[in-house]
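Observations on chain architecture
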Amino acid sequence: QELIKLMIRIQEFLKVSEEIIESILEDDFCSVLINKLCLILKCDRASVFRYDRFTDNLILYDAEGLKKNSIKIPKNKGIVGSVFLTGEKVKIDDVYLDKRFNKEVDKKTNYRTKNMICFPLIDNDKQIFGAIQAINKINGSFDSDDLEFMDIFGKEASCIWKSKLNFGETNNIISKMKIM
């Protein structure tokens, strides 16, 4: 029975991976990623933060139900900041018991975070450029299977997202060169 359950989860994950890859060239790539992450982990929300070196903040890139860029967090604050600085993956069953948790975000968004898993986004040069988090498992808390899938998902998302960012930067450079 456990093997069947695992096979079903693997099939779900492969289908989601395929859909994400198909969405790379679309403008809503990150929204697709977040939607699929919530689907596969059976959680209420997910969000992606990117590091902005000019402001030295982690900025909300996309999240279910929130406006892009609506949240800015100093890189040394909150669980997302901790994951960004240390590169360590975290699973927290009760975020309000964790001293790193930034309650201001819950207040600002009128949302109650209960549990989460958070992973760094790391490029091919082993540089951390953001973090991705899954929030509020629908039934209970995140488990070791969720951590394993999030690990794979986080690596895949990092690779695809960094490629998309690089693609956008290349297009900007080409556009500027055409103007000259």
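Our subject is the structure that appears above.
Overview of the structure. (Residues numbered from 1 in each chain as written. Predicted model: local features only at pLDDT ≥ 70, side-chain atom pairs only at ≥ 80, totals over all residues. Heavy atoms only, no water.)

1. Considering the overall build of the protein
From N to C terminus, the protein includes five helices and six strands. In the protein, the succession of helices and strands from N to C terminus is α-α-β-β-β-α-β-α-β-β-α. Taking all 180 residues of the protein together, the buried fraction comes to 43%. At a minimum sequence separation of 6, the contacts of the protein that also span at least 24 residues come to 53%. Of the roughly 10,800 Å² that the protein leaves accessible, carbon and sulfur atoms contribute 54%. (Helix = DSSP H or I, 4+ residues; strand = E, 2+ residues; numbered from the N terminus. Buried < 20%, exposed > 50% of the residue type's maximum accessible area, 1.4 Å probe, protein only. Contact = heavy atoms within 4.5 Å. Areas by Shrake-Rupley, 256 points an atom, 1.4 Å probe, with all protein chains shown as cover.)

2. Observations regarding unusual backbone geometry
The phi angle at Asp-56 is positive, at roughly 60°, despite the residue not being glycine. One can find Asp-56 in the loop between strand 1 (43-52) and strand 2 (57-63). Exposure remark for Asp-56: the relative accessible area of 33% places this residue in the partly exposed category. One non-glycine residue with positive phi stands out, namely Asn-110, at about 55°. The topology assignment puts Asn-110 in the loop between helix 4 (103-109) and strand 5 (116-122).

3. Structural notes on the pattern of salt bridges
Counted by the stated rule, this structure contains six salt bridges. In this structure, Asp-56 engages Lys-75 in a salt bridge whose closest nitrogen and oxygen atoms are separated by 3.2 Å. You can see Asp-56 sitting in the loop between strand 1 and strand 2 and its partner Lys-75 sitting in the loop between strand 3 (72-74) and helix 3 (78-86), a full 19 residues away along the chain. The closest approach of N and O atoms between Asp-93 and Lys-91, which form a salt bridge, is 2.8 Å. (Salt bridge = Lys/Arg side-chain N within 4 Å of Asp/Glu carboxyl O.)

4. A closer look at the nonpolar core
Formed by 21 residues in total, the largest nonpolar core has its most connected members in Leu-37, Leu-41, Ile-132, Ala-134 and Met-150. Elements represented by at least two residues in this core include exactly helix 2 (29-41), strand 1, strand 5, strand 6 (128-137) and helix 5 (144-179). The leading source of residues in this core is helix 2, at six residues. Ranked by size, the runner-up nonpolar core spans 18 residues in total, among them Phe-84, Ile-92, Phe-101 and Ile-135. (Core = buried A, V, L, I, M, F, W, Y, C linked by side-chain atoms within 4.5 Å.)

5. Some remarks on helix 3
Of all the nine residues making up helix 3, seven are buried; the element is thus mostly covered by neighbouring parts of the structure. Gly-87 occupies a position one or two residues after helix 3 and carries a positive phi of about 75°.

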